[in-house]
Number of protein chains: 6
Amino acid sequence: MIDRYEKGMEILKITNKNKIQEVFKELEDIAPDLGRFVVEFPYSEIYTREGLDLKTRELATVAALTALGNAEPQLKDHINAALNVENTPKEIVEVIMQMSAYAGFPAAINGIRAAKEIFKERGLLPVK
Amino acid sequence: MIDRYEKGMEILKITNKNKIQEVFKELEDIAPDLGRFVVEFPYSEIYTREGLDLKTRELATVAALTALGNAEPQLKDHINAALNVENTPKEIVEVIMQMSAYAGFPAAINGIRAAKEIFKERGLLPVK
Amino acid sequence: MIDRYEKGMEILKITNKNKIQEVFKELEDIAPDLGRFVVEFPYSEIYTREGLDLKTRELATVAALTALGNAEPQLKDHINAALNVENTPKEIVEVIMQMSAYAGFPAAINGIRAAKEIFKERGLLPVK
Amino acid sequence: MIDRYEKGMEILKITNKNKIQEVFKELEDIAPDLGRFVVEFPYSEIYTREGLDLKTRELATVAALTALGNAEPQLKDHINAALNVENTPKEIVEVIMQMSAYAGFPAAINGIRAAKEIFKERGLLPVK
Amino acid sequence: MIDRYEKGMEILKITNKNKIQEVFKELEDIAPDLGRFVVEFPYSEIYTREGLDLKTRELATVAALTALGNAEPQLKDHINAALNVENTPKEIVEVIMQMSAYAGFPAAINGIRAAKEIFKERGLLPVK
Amino acid sequence: MIDRYEKGMEILKITNKNKIQEVFKELEDIAPDLGRFVVEFPYSEIYTREGLDLKTRELATVAALTALGNAEPQLKDHINAALNVENTPKEIVEVIMQMSAYAGFPAAINGIRAAKEIFKERGLLPVK
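Conventions used here
Residues numbered from 1 in each chain as written. Chains lettered and ligands numbered in written order. Predicted model: local features only at pLDDT ≥ 70, side-chain atom pairs only at ≥ 80, totals over all residues. Heavy atoms only, no water. Helix = DSSP H or I, 4+ residues; strand = E, 2+ residues; numbered from the N terminus. Buried < 20%, exposed > 50% of the residue type's maximum accessible area, 1.4 Å probe, protein only. Contact = heavy atoms within 4.5 Å. Buried area = accessible area lost by both parts, 1.4 Å probe. Salt bridge = Lys/Arg side-chain N within 4 Å of Asp/Glu carboxyl O. Polar contact = N/O pair within 3.5 Å; in protein donor to acceptor, adjacent residues only side chain to side chain. Nonpolar A, V, L, I, M, F, W, Y, C, P; charged D, E, K, R; others polar. Axes fitted to C-alpha atoms, helices over the stretch in contact; angles between N-to-C directions. Parallel < 35°, antiparallel > 145°, perpendicular 65-115°, else oblique. Left-handed = near helix turned anticlockwise from the far one by under 90°. Least-squares fit on C-alpha atoms with pLDDT ≥ 70 in both. Arc of directions from axis to C-beta. Phe/Tyr/Trp six-rings, centres within 6.5 Å; stacked < 30°, edge-to-face > 60°.

Engineer: Looking at this model, I keep getting lost on the overall build of chain A. Mind explaining?
Structural biologist: Assigned secondary structure in chain A consists of eight helices and zero strands. Counted from the first residue to the last, chain A has its helices and strands arranged as α-α-α-α-α-α-α-α. Taking the principal axes of its C-alpha atoms as reference, chain A extends roughly 40 × 35 × 30 Å. Out of the 128 residues in chain A, the part that is buried amounts to 65%.

Engineer: Please explain the interface of chain D and chain F as it appears in this structure.
Structural biologist: Interfaces are often sized by the accessible area lost when the parts come together. Listed by partner, the interface residues are 32 residues for chain D and 32 residues for chain F. Interface area for chain D against chain F, summed over the two sides, is near 2500 Å², with a carbon-plus-sulfur share of 67%. Summed over the shared surface of chain D and chain F, the number is four salt bridges. Residues glutamate 94 of chain F and arginine 49 of chain D are paired through a salt bridge, measuring 2.9 Å at the closest nitrogen-oxygen approach. In this structure, the connection of chain D to chain F is made through 12 residue pairs in polar contact (both at pLDDT 80 or more). For the side of chain D that touches chain F, the secondary-structure elements that each account for two or more residues are helix H3 (32-46), helix H4 (54-68), helix H6 (89-98) and helix H7 (100-103) of chain D. Element by element, the count of residues in the side of chain D that touches chain F is highest for H4 of chain D, at 10 residues. Residue classes in the side of chain D that touches chain F are distributed as 20 nonpolar, six polar and six charged.

Engineer: Can you walk me through the packing of helix H6 (residues 89-98) of chain E against helix H8 (residues 105-121) of chain E in this structure?
Structural biologist: For any two helices packed against each other, one specifies the crossing angle of their axes together with the interaxial distance. Residue and element names in this part refer to chain E. At a minimum axis separation of 9 Å, H6 and H8 run at an interaxial angle of 160°. By the angle class used here, H6 and H8 are roughly antiparallel. Judged by the twist between their axes, the crossing of H6 over H8 is right-handed. Packed against H6, whose contacting residues are Pro89, Ile92, Val93, Ile96 and Met97, the element H8 presents Ala108, Gly111, Ile112, Ala115 and Phe119 at the interface. Taken together, the residues of the contact of H6 with H8 sort by class into nine nonpolar, one polar and no charged.

Engineer: Any chance you could explain the side chain of asparagine 84 of chain B here in plain terms?
Structural biologist: Residues and elements named next belong to chain B. Topologically, asparagine 84 is positioned in helix H5 (residues 72-84). Note on asparagine 84: relative accessible area 12%, which makes it buried. A polar side-chain atom of asparagine 84 sits 2.7 Å from the main-chain carbonyl oxygen of threonine 15. Apart from the residues within four sequence positions on either side, asparagine 84 is in contact with Ile14, Thr15, Asn16, Lys17 and Arg122.

Engineer: How should I be thinking about the relation of the copies chain D and chain F in this particular structure?
Structural biologist: One copy of the chain maps onto the second through a rotation around an axis plus a translation along that axis. Take chain D, turn it by 180°, move it 0.0 Å along the axis, and it overlays chain F with an RMSD of 0.0 Å. Here the symmetry operator amounts to a two-fold rotation axis. Closest approach to the rotation axis among the C-alpha atoms of chain D is made by alanine 64 of chain D, whose C-alpha sits 2.2 Å away. When the interface residues of chain D are mapped onto chain F, 100% of them again fall at the interface, so both copies present the same face.

Engineer: I would appreciate a short explanation of helix H2 (residues 19-27) of chain A in the present structure.
Structural biologist: Three- or four-residue spacings in an α-helix give side chains the same orientation, since the helix completes a turn every 3.6 residues. All names here are of chain A. Taken residue by residue, H2 has Ile20, Val23, Phe24 and Leu27 as its buried positions. Down the axis of H2, the smallest arc covering the buried residues is 100°, so these residues share one side. Opposite its buried face, H2 presents the exposed residues Glu22 and Lys25, each directed more than 90 degrees away.

Engineer: Would you take a moment to explain the packing of aromatic side chains for this structure?
Structural biologist: Any aromatic ring pair is given by two values, namely how distant the centres are and how the planes are angled relative to each other. If you walk through the whole model with that rule in mind, you get 27 aromatic pairs over all chains. Centroid distance phenylalanine 37 of chain C to phenylalanine 41 of chain D: 5.3 Å. Interplanar angle 75°. Geometry classified as edge-to-face. On the criterion of chain membership, the pair formed by phenylalanine 37 of chain C in helix H3 (residues 32-46) and phenylalanine 41 of chain D in helix H3 is interchain, its members lying in two chains. Residue classification places phenylalanine 37 of chain C among the buried residues on the basis of a relative accessible area of 1%. With a centroid separation of 5.1 Å and an interplanar angle of 10°, the aromatic rings of phenylalanine 41 of chain C and phenylalanine 41 of chain D are classed as stacked. With phenylalanine 41 of chain C in helix H3 and phenylalanine 41 of chain D in helix H3, the pair connects residues from two separate chains. Here the two residues phenylalanine 41 of chain C and phenylalanine 41 of chain D agree in accessibility, since each one is buried.

Engineer: Just to check I follow, could you spell out the interface of chain B and chain A for this structure?
Structural biologist: Between chain B and chain A, the residue contacts involve 32 residues of the former and 32 residues of the latter. Summing both partners gives a buried area of about 2500 Å² for chain B against chain A, and 67% of it is carried by carbon and sulfur. On the chain B side of the interface with chain A, the three residues burying the most area are Glu94, Gln98 and Tyr102 of chain B, jointly 24% of the side's total. Counting the contacts that link chain B with chain A gives four salt bridges. There are 12 residue pairs in polar contact (both at pLDDT 80 or more) connecting chain B and chain A. Mapped by element, the contributors of at least two residues to the side of chain B that touches chain A are helix H3 (32-46), helix H4 (54-68), helix H6 (89-98) and helix H7 (100-103) of chain B. Per-element accounting of the side of chain B that touches chain A gives the leading share, 10 residues, to H4 of chain B. Along the lines of polarity and charge, the residues of the side of chain B that touches chain A split into 20 nonpolar, six polar and six charged.

Engineer: How should the relation of the copies chain B and chain A be read in this particular structure?
Structural biologist: Between chain B and chain A, which share one sequence, the superposing operator has a rotation angle of 180° and an axial displacement of 0.0 Å; the RMSD is 0.0 Å. Taken as a fraction of all interface residues of chain B, those also at the interface in chain A reach 100%, which identifies the copy contact as same-surface.

Pasting the structure below:
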C-alpha cells in the first residue's frame, strides 16, 4: 500500500507542486480517505501509466473539466498542473476554446475565465 | 465565405475522410445549414489554428465527449478522427480510461465500448 | 384532486394527443403514480398557467431537452407536442440548431436527428 | 388543495426546520408559486410516500445532487435535512465519497466541501 | 469577414446593449478570438436567421441555460437580453419555472435567483 | 495488491453475482486495467467501508445514475445489484421516482424504464 501512495505522491509533486497539501488539509477532519483515494487511484494508477505523457494527460483533463463546466476549483488546479508539466498558456487556451464546439460557448468562456485567474497569478498574461 | 468553407473541408478530409458526407446527407432535407456551421466554425476556425496540433485536438475532443457521456455517435466519429490524425489505439484508450477519475467509471466504460466498436471495424484489436 | 388531474389531462390531450396513454400503460405495473405526477404537476400546474402560451412553452422544452442531451424519448415526445400546438417544423429546427451555441454541436445534431424521425413519421420533410 | 400544502409543510418542518421560510421569502416577489410547487409536489407527494423512509430519501437526494454537481445551495440544504432525519455525519460523508466512482473526484470533493460547511455550522467536526 | 462580424454586432447591440464590451475586454489579453467567434457564429449566423424571432430565441436560451444549470453568468446575460427584446419579466419567470419539470427544482430555483438579481438591478420587482 | 483485488471481488460476487465477468471479458482485449480499477477502487475501497451498509450504498448509486441520466447500462447493473443486496423493487422504484424532483421527469421516467426491464427479467412485476 505504501508504495502505491508514494507512487502517486511523486506525480502529484510534479503536477501540483505543494498545492495538494491544501486539499489534504481541508479533507483531514472530514474525509481523509478521499484524499488518499485521489493519490492512490488517479495519480498512482492512471497518471503513471505508459502510453500517454503527463503533458497530454493534463490537457485532456482540462478539456473534460471545461466541458463538464461544474467543477471550477478542480479546473483551476488542472490548469495549474497543465502549466507545471510544460503546456504553454497558448496550448491551454486552445484546448479550452475548442470546447465551445462540444459543450457550447458558456462552458468555453467560463473555462477561459478560470485560466485567466491562474495565468494572472503566475504572471503569464497576455497570452501570445 | 467560400474560402471559409473550403478551409474547413480540408481539415474534415483529413480527420473524417469521407464520413462527414453521411452527416451532410442526413441534414440535407432538414437543417443543411447546421452541416455548414460545423465546417465553417469548428473545422475552419478552430481545428486550423496554430498553437495545438490536430493530433492533440482530437484527443481533447475524445476526452470531453467521453466525460459528457451523452453523444455516443459523435464520440465514435472523433475516435475515428483521432486515429486518422495519428493517435494510436493505446493513446485513445488511455485518455478514455483517465476520464474515470473526472466523470466516473460508467462514462469511462461506455467510452471504451465506443472505442471498441471503432477499433473492431478497423481491425485494431487487441490493443497492446 | 380529481380536478387537478382532469385539468392536466385536458392539456395533454392537446399536446400529446393519445400518445400519453402509452406512457401510462408502461408505468401501470411499476410506478403508476409517476404518470399521475406528470399529469398533476407539469401539465396541470405549469402548462395551464397564464403568462406564456403553450406554443412557446413546448419550444422552450425542446430547447432544454436538446441541450441536456440525455432524454431522447422525451425530446421526441415534445417535438411532437410542439407541432401539435402550432409550431412549424422550421421553428423547431431553428430552436434545436440554436442549441449548438449553448450545448455544442453534438447536442444540436442529435436533436435534429430526433426531429427528423418525427417529421418523417408525420410527412413533414423536407423542411423549408 | 390546502391539505396537500399542509401535508408537504409537515415534512418540511421535519427536514428543513425553519430554513424553508428563507426560500419562500426569496421567491415571494418573483415566483411564489415555485415555492408552493416544492411543498405540494416533492414534499407532499414524494417524501410522504410509504416504501422508503425519510432518512434514506434524504441520503438519496444528497447522492444525486453531489453527482449532478451544479446545485450547491440545494446540496447544502439537503445535507442539513439529512442530518435532521437522523443520518450521521459519517453516513453523509460516505455517500458523498461514493460518488467519486460515478461522477468523478471533483464532484465528490466539492460535495465534501459543502458538507464541511454545514457540519462546521452545526459543530459536527471532526467526523469520526 | 467584416460583414459577418458587423452582422453579428448589430444583433448584439440589440440583445446585449453595451454589456458585450465587458466580455470582449475580459478576453482581450487571453483569447480575443473567442469573443470574435461569439459574434461571428451564434450572433451572426443563428440569431439573424429567419424562422424564429429574437424574442423567442432569447427565451429558448434562458430555458436551456436554466436546465444545464452550470453557466450562471451567461444565464444572467441572456435574462438581460431576453428583457431587451421585449420579453416581460413574467414570461422569463414562466420559462424558468417550467424547467423544474425537465431539470428538477434546484435548477429552477437557481434560475429564479439569477433572474431576481437582474430584475432587481433593472427595477422590475415585484413581478406581477 | 492481490488482497485489494480479492477484497473487491468478494463484494462484486454479492452485488453483481456473475454479471461482472461479462464486463471483464468485454474489456479484456482493449482496456483490461479499467476492469481491475473497478474492482480495486470502488468495490475494494468504497463498498467495503464501514459507516454505510451495502443496501443503502446501492440505492444511492441508483439515485445518482438516474439523475445523471447518461449511463443506462450501469444504471441497470446497479438496479440488479440493489436487488441483490436486499432492496425491494418498491424501494428501488421509490428512489427513482424521487429523482423527478432533482433531475426532472424525463430522467425519472427513463430510470423507471430501466428498472422495468430488470424487474421483468427477474419476474418481479407488478411492483406492489
